[in-house]
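Each chain, written out:
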Amino acid sequence: MADQKTIFKLGKHGLIILFGLLMLYPVLWLLSSSFKPNELIFSDPGLWPARFTLENYVNGWKGLQGISFSRFFLNSATISVLSVIGNILTCSLAAYAFARLEFRLKSVLFACMLVTIMLPYHVLLIPQYIIFSKLDWVNTYLPLIVPKWLAHDSFFVLLMIQFIRGIPKELDESATIDGCGQGQLYFRIIIPLLVPALITTAIFTFIWTWDDFFSQMIYLSRINLFTVQLGIRSLYDPSGSSDWGALLAMSVLSLVPIMTIFLLFQKHFLEGIATTGLK
Amino acid sequence: MKTAHKSALWRRSGTAYLFLLPWLIGFFGLTLGPMLGSFYLSLTKYNLLNAPVWLGFDNYRHIFTADEYFYKSLTVTFKYVLFSVPLKMAFALLVAVVLNKGIRALGIYRTVYYIPSLLGGSVAIAIVWRQIFDGEGLINHFLSWFGIEGPAWIAHPSYILSTIVTLSVWQFGSAMVIFLAGIKQIPADLYEAAQVDGAGKLRQFGKITLPMLSPVIFFNLVMGIINSFQVFTPGYVIGDGRGGPVNSTLFYTLYLYLKGFSFFDMGYAAALAWIMLIIIGLFTSIVFVTSRFWVFYGDGKDGR
């Protein structure tokens with residue numbers, strides 16, 4: 001009886017692991033193919049490269065039109081890091097006001113904030129593009145970064161509001177008695193306690209910005225401004241004549257920062273999704 | 001007394017508005033303003049260079065009466081949403097239920113199943129997808145072991161959408177993590193009581209797990225619908241970027257993009273965007289309205 005149970009359990013684990021491998025297969029295929037010589041990529045379906053080469057990485061890194069991938073990575077990193085800082089700062093400022101302060105029109109503005117969370121990006125796309133192009137910001141990083149410095153991702157504002165509401169108000173009160181103004185209260189009491197929510201915000205802002213393709217494609221057309229995503233898309237020719245080895249090698253590298261962050265903050269990450277419903 | 005209170009509120013409002021300043025600028029400058037602007041533009045013909053020309057509702061009339069691409073792109077998007085959202089949720093729920101029962105190494109499995117959600121939105125994975133579903137790609141190679149000759153998944157207009165749907169379903173991990181957290185909240189004594197009463201596993205799932213999870217299912221459904229309507233990258237990269245083959249990857253967002261940024265018909269694209277907003281709003285409200293009948297909020301507790 002006990003043996004039967006063990007066998008059943010083992011069988012279940014076996015199935016789960018098999019299914020997991022199946023799930024990971026595309027990623028593993030990408031990784032292994034990036035080390036295969038070009039002529040073997042599509043003829044050898046095995047995961048272990050029969051012939052191992054780094055040539056794809058060398059070729060891919062050269063980039064296109066004389067601009068190497070180090071430039072694209074630097075560009076992506078610049079946009080992502082500046083977006084993270086902007087989101088953390090301005091979303092937490094707004095969240096503090098909504099969660100702790102009394103002001104005129106608060107309920108109206110709060111409702112507006114909630115509605116913007118559900119608003120599809122495409123409704124704002126055309127007029128935003130017109131505004132940014134009138135400001136002469138097309139082919140700069142400003143259209144990608146400035147919205148993050150204006151707390152445009154209301155989702156994170158809401159996340160932080162809910163977090164701040166969980167912080168005991170007694171802390172604020174005793175700090176006020178000790179003579180803290182609102183500014184000090186925000187910096188000394190709220191921000192340190194808000195760190196978990198700030199980390200969640202930082203992680204997701206980084207990943208979404210890094211992975212973003214649509215707005216980067218719309219606003220950036222000069223190759224020296226290209227991001228990693230745009231670089232890969234340009235290496236890739238849908239009609240089939242791409243240098244697949246180089247393309248796959250750079251694809252692998254494009255996923256490295258995201259994977260690293262995920263593995264570093266894994267626990268935080270999965271809990272963040274579970275409690276807030278982030279993607 | 002009351003006026004003193006009021007003026008104090010005004011004074012404090014000053015500080016609050018200082019904190020809110022970035023958000024306020026963003027709200028008026030990047031959200032509310034553009035929304036109104038977008039509606040105005042949708043009533044005009046505008047190509048970014050010349051001043052907008054007033055058309056009234058001509059754009060909308062043309063879209064509904066004379067634009068076959070509009071209907072084509074709606075069909076493609078509806079098909080995508082209709083297949084990908086339920087399939088993804090079903091997978092996520094199934095795997096969550098299997099994983100939950102006090103299984104060992106849950107953390108590792110959860111991580112492995114989550115990885116596709118993490119990477120799936122990137123251009124890199126979309127390229128991989130195109131490659132493994134290609135006529136001579138891995139999927140057909142695999143099918144040939146069983147003597148099945150797979151179709152040209154990418155090149156054939158009737159199959160390419162299904163490869164894009166699989167890419168979406170493959171990313172069931174994030175919904176699964178949310179379900180796992182929801183299942184954890186269900187009190188164990190419910191199951192114990194059911195067991196005592198002689199309810200089988202399937203019945204327990206139907207009578208306890210599903211109703212208790214319904215608020216989470218509701219949340220996932222709403223977010224799934226909103227996000228799926230806006231999908232762009234997979235269709236753009238797996239297809240040819242212009243909606244081909246034979247408009248089978250002409251997602252609504254792609255059509256909007258092409259109108260706005262290839263043909264520079266910004267007024268028309270703004271009208272398309274407004275129609276999209278209304279459609280998404282309609283679908284979301286249908287889910288909200290019906291939720292009264294199937295979402296169960298136990299003992300006065302909110303779902304989220």
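Residues numbered from 1 in each chain as written. Chains lettered and ligands numbered in written order. Predicted model: local features only at pLDDT ≥ 70, side-chain atom pairs only at ≥ 80, totals over all residues. Heavy atoms only, no water.

**Q** When you look at the overall build of chain B in this model, what are you seeing that I'm missing?
**A** Helix and strand counts for chain B come out as 13 helices and 2 strands. Taking 2.2 N^0.38 as the reference for a compact globule, 304 residues should give roughly 19 Å; the C-alpha atoms of chain B span a radius of gyration of 24 Å, well beyond that estimate. Considering only intrachain contacts with a sequence separation of at least 6, the fraction spanning at least 24 residues in chain B is 67%. Separation of charge centres in chain B, based on 22 positive and 13 negative side chains, amounts to 12 Å. (Helix = DSSP H or I, 4+ residues; strand = E, 2+ residues; numbered from the N terminus. Rg over C-alpha atoms; globule rule 2.2 N^0.38 Å. Contact = heavy atoms within 4.5 Å. Lys, Arg positive; Asp, Glu negative; His and termini not counted. Charge placed at Lys NZ, Arg CZ, Asp CG, Glu CD.)

**Q** I would appreciate a short explanation of the confidence of the model for chain B in the present structure.
**A** One rule of thumb: low pLDDT means the predicted coordinates there are not for detailed reading. Residue and element names in this part refer to chain B. Residues with a pLDDT of 70 or more make up 95% of chain B, whose mean pLDDT is 87. This model gives residues 300–304 a pLDDT under 50, and the stretch forms 10 contacts once residues within four places in sequence are excluded. Reported for the predicted complex are a pTM of 0.89 and an ipTM of 0.88. (pLDDT = per-residue confidence, 0-100.)

**Q** How should I be thinking about the nonpolar core in this particular structure?
**A** In terms of nonpolar packing, the biggest core is built from 197 residues, with Val157(A), Trp23(B), Met176(B) and Tyr257(B) touching the most fellow members. If we ignore the near neighbours within four places in the chain, the residues touching Val157(A) are Cys91(A), Ala94(A), Ala95(A), Phe98(A), Met113(A), Ala151(A) and Trp23(B). (Core = buried A, V, L, I, M, F, W, Y, C linked by side-chain atoms within 4.5 Å. Buried < 20%, exposed > 50% of the residue type's maximum accessible area, 1.4 Å probe, protein only.)

**Q** Help me understand the layout of surface pockets, please; the structure alone is not making it clear to me.
**A** Over the atoms a probe the size of a water molecule is rolled, and this reveals where empty space is left. Taken as a whole, the second largest pocket holds about 830 Å³ of empty space. Considering the residues around the second largest pocket, the lining is formed by 27 residues, among which Leu22(A), Met23(A), Tyr25(A), Pro26(A) and Ile139(B) are closest to the centre. If you list the elements that add at least two residues to the lining of the second largest pocket, you get α1 (2–33) of chain A together with α3 (68–100), α5 (123–132), α6 (138–145) and α7 (160–170) of chain B. In terms of residues, the lining of the second largest pocket owes the most to one element, α1(A), which gives 7 residues. Split into classes, the residues belonging to the lining of the second largest pocket amount to 23 nonpolar, 4 polar and no charged. (1 Å grid on protein atoms, 1.4 Å probe; cavity = no way out; pocket = protein on both sides within 12 Å on 5 of 7 lines; lining within 4 Å. Points joined across faces, edges and corners; volume = space filled by probe spheres on them. Nonpolar A, V, L, I, M, F, W, Y, C, P; charged D, E, K, R; others polar.)

**Q** I keep staring at the interface of chain A and chain B and nothing clicks. Help me out?
**A** When the parts of a complex come together, some accessible area is lost, and that lost area is often used as the size of the interface. Facing 87 residues of chain A, the contacting portion of chain B comprises 87 residues. If you look at where chain A meets chain B, you find 0 salt bridges. Each residue belonging to the side of chain A that touches chain B can be placed in one class, and the counts come to 62 nonpolar, 18 polar and 7 charged. (Salt bridge = Lys/Arg side-chain N within 4 Å of Asp/Glu carboxyl O.)

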